[in-house]
Amino acid sequence: MAADRTTMKLLAKIVLYMSSLLQLPFISATGVVWDENGYVLYCPCMGRFGNQADHFLGSLAFAKMLNRTLAVPPWIIYRHHTPPFTNMHVPYSEFFQLEPLLQYHRVISMEEFMEKLAPTHWPPGERVAYCYDAAAKRSPDKKSCPMKEGNPFGPFWHQFGVDFDKSVLFPGISFSSYYKQQWTKKFPPSEHPVLALPGAPAQFPVLEEHVPLQSYVVWANHMVQEGEGYIDSLLIRPYVGIHLRIGSDWQKACELLKDDKTGPHFMASPQCVGYNRNTAIPLTKNMCLPDLKEIQRALKLWVKKINGKSVYIATDSESHSKEIEQLFKGNVKVVSLQPEVAHVDLYILGQADHFIGNCASSFTAFVKRERDVHSKPSSFFGMDYPAKKKDEL
């Protein structure tokens, strides 16, 4: 019997080792087994979905760089204007499939981590927070990570019942690959099994090198069914999808473009002006906040170019549906759902025959990345000029 137990333990170690080489989670008959390489946890606490999506790609790359399993956090949906006015924490798998991420690196949902692994391997009393020393200065004692200070930080960790017992501060270590050795030397998983961070270990906007990771972000089947249902019942192909980011908060943000206060890199603008600051093209007001005239110009151009039969409008404010219907004299169907869950907009825009987005918007950036994965054409307001065919020159 003792020999059998020894053999079983040896086999388990071999399977665990092989699974780490293959970058797949080791799953026993009873559930997920602890990854001795360690874990990365973080709060997606900067901005709405577009920003969170940018940060997610960078965090996925960071976890792979350190060879730690990423505990994929839920999306934070803010309900500032909708009762009960509290944040919603929606599991990643509600919108996207978790399994395709495994083709890139080991992941586990944060919900599963907290339910199946944390009680034994990261129990109360042993939960350590990690943050920059500069961040700790914002805490009352000036030496603790402000993990739960304010919204959305407090509600995020509270939903999982997490309180932190200790803080470990680190100065001047970026999350880029340049600092890989410093991270692995300073925080070996044997001594620091769970790196719990107050924010995403990533830059915003997403680094150019991490943009291709969008290919692993795959819509959940029920989202595909819902989105295709709207497309089939409301739209006529070919259709042009547009994203209008023109709300009052965005108007104030784009005012910063006056007097060239921001330069070409402003929020998600590297996606269209270029990632190299030295060669980036100027970011204009129409690229950030297109007026109705620019919206009509771009739509007229692309509807004609693809012989469009309908237009889908995703907006954070006014849809300009009536004006656009008048522009096409009723010959083009105009649809704007303004759904409660913005991911429906994201899906429909992603499936359009042509997409026109906002250069500085991370919401647009998600759509653009997804369309690039599937080689679908996109353009931006203020710079969306199709190349002429040879017979038109």
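Coordinates for the structure precede this section.
The rules we used
- Residues numbered from 1 in each chain as written.
- Predicted model: local features only at pLDDT ≥ 70, side-chain atom pairs only at ≥ 80, totals over all residues.
- Heavy atoms only, no water.
- Helix = DSSP H or I, 4+ residues; strand = E, 2+ residues; numbered from the N terminus.
- Buried < 20%, exposed > 50% of the residue type's maximum accessible area, 1.4 Å probe, protein only.
- Pairing = 2+ DSSP bridges.
- Phe/Tyr/Trp six-rings, centres within 6.5 Å; stacked < 30°, edge-to-face > 60°.
- Lys NZ or Arg CZ within 6 Å of the ring centre and 35° of its normal.
- Core = buried A, V, L, I, M, F, W, Y, C linked by side-chain atoms within 4.5 Å.
- Contact = heavy atoms within 4.5 Å.
- Right-handed = clockwise from strand over helix to strand, strands pointing away.
- Salt bridge = Lys/Arg side-chain N within 4 Å of Asp/Glu carboxyl O.

**Q** Mind showing me how you'd approach unusual backbone geometry here?
**A** A negative phi angle characterises most non-glycine residues, just as the trans form characterises most peptide bonds. Of note, the bond from Asn-151 into Pro-152 is cis; its omega dihedral lies within 30 degrees of zero at 15°. Residue placement: Pro-152 occurs in the loop between helix H4 (133-136) and helix H5 (153-159). Despite not being glycine, Asn-67 has its phi angle at roughly 55°, a positive value. Relative to the assigned elements, Asn-67 resides in the loop between helix H2 (49-66) and strand S4 (69-72). A positive phi is found at Met-267, a non-glycine position, where the angle reads about 55°.

**Q** What is the right way to look at the pairing of strand S8 (residues 128-132) in this model?
**A** The side chains of a regular strand alternate between both faces of the sheet. Of all five residues in S8, four are buried, a share of seventy percent or more. For S8 and strand S9 (residues 166-170), the ladder comprises five bridges, and the chain directions are parallel. Paired with Val-128 across the bridge in S9 is Lys-166.

**Q** Just checking my understanding: could you explain the packing of aromatic side chains for this structure?
**A** How two aromatic rings sit relative to each other is set out by the distance from centre to centre and by the angle between their planes. The final tally for this structure, using the stated rule, is 32 aromatic pairs. Judged by centre distance (4.6 Å) and plane angle (40°), the rings of Trp-34 and Tyr-39 are tilted. Residues Trp-34 and Tyr-39 agree in their burial class; the two are buried. Clustering of aromatic rings is evident, with ring pairs tying together Phe-49, Phe-56, Trp-75, Tyr-92, Phe-95, Phe-96, Trp-219, Tyr-347 and Phe-366. A cation over an aromatic ring shows up here: Lys-64 above the ring of Tyr-104, its NZ or CZ 4.9 Å from the ring centre.

**Q** Explain the nonpolar core here, please?
**A** Core analysis: the biggest nonpolar cluster contains 56 residues, and Phe-56, Leu-70, Tyr-92, Phe-96 and Trp-183 have the highest contact counts within it. Counting residues per element, this core draws most heavily on H2, at 10 residues. If we skip the residues at most four places from it in the chain, Tyr-92 touches Phe-56, Val-72, Pro-73, Pro-74, Trp-75, Gln-97, Leu-98, Leu-101 and Val-217. Counting 32 residues, the second largest nonpolar core, distinct from the first, contains Ile-242, Trp-250, Ala-253 and Phe-381.

**Q** Whenever I open this one, the pairing of strand S3 (residues 39-42) confuses me. Can you help?
**A** Here S3 shows two buried faces, one formed by Tyr-39 and Leu-41 and the other by Val-40 and Tyr-42. Direction of pairing for S3 relative to S4: parallel, over a ladder of two bridges. When the bridges of S4 are listed, Val-40 appears paired with Leu-70. This β-α-β element, S3 to H2 to S4, shows right-handed connectivity.

**Q** Would you explain the environment of Ser-176 in this entry?
**A** By secondary structure assignment, the location of Ser-176 is in the loop between S9 and helix H6 (180-186). Residues Ser-176 and Gln-203, 27 residues apart in the sequence, show an inter-C-alpha distance of 8.7 Å.

**Q** Which parts of the structure should I look at to understand the pattern of salt bridges?
**A** Close approach of charged atoms allows side chains with opposite charge to pair. Going through the model one piece at a time under the given rule, you end up with 12 salt bridges. Where Asp-54 meets Arg-369, a salt bridge forms, and the shortest distance between an N and an O atom there is 3.0 Å. Of this pair, Asp-54 sits in helix H2 while Arg-369 sits in helix H14 (residues 362-373); the two residues are 315 residues apart in sequence, bridging distant segments of the chain. This pair shows no difference in class: Asp-54 is buried, exactly as Arg-369 is. Note that Lys-285 and Glu-255 form a salt bridge whose closest N and O atoms lie 3.6 Å from each other. You can see Lys-285 sitting in helix H10 (residues 285-288) and its partner Glu-255 sitting in the loop between helix H8 (248-254) and helix H9 (270-273), a full 30 residues away along the chain. Using a relative accessible area of 36% as the deciding quantity, one classes Lys-285 as partly exposed. Each of Arg-48, Arg-245, Asp-249 and Asp-316 takes part in a single network of salt bridges with overlapping partners.

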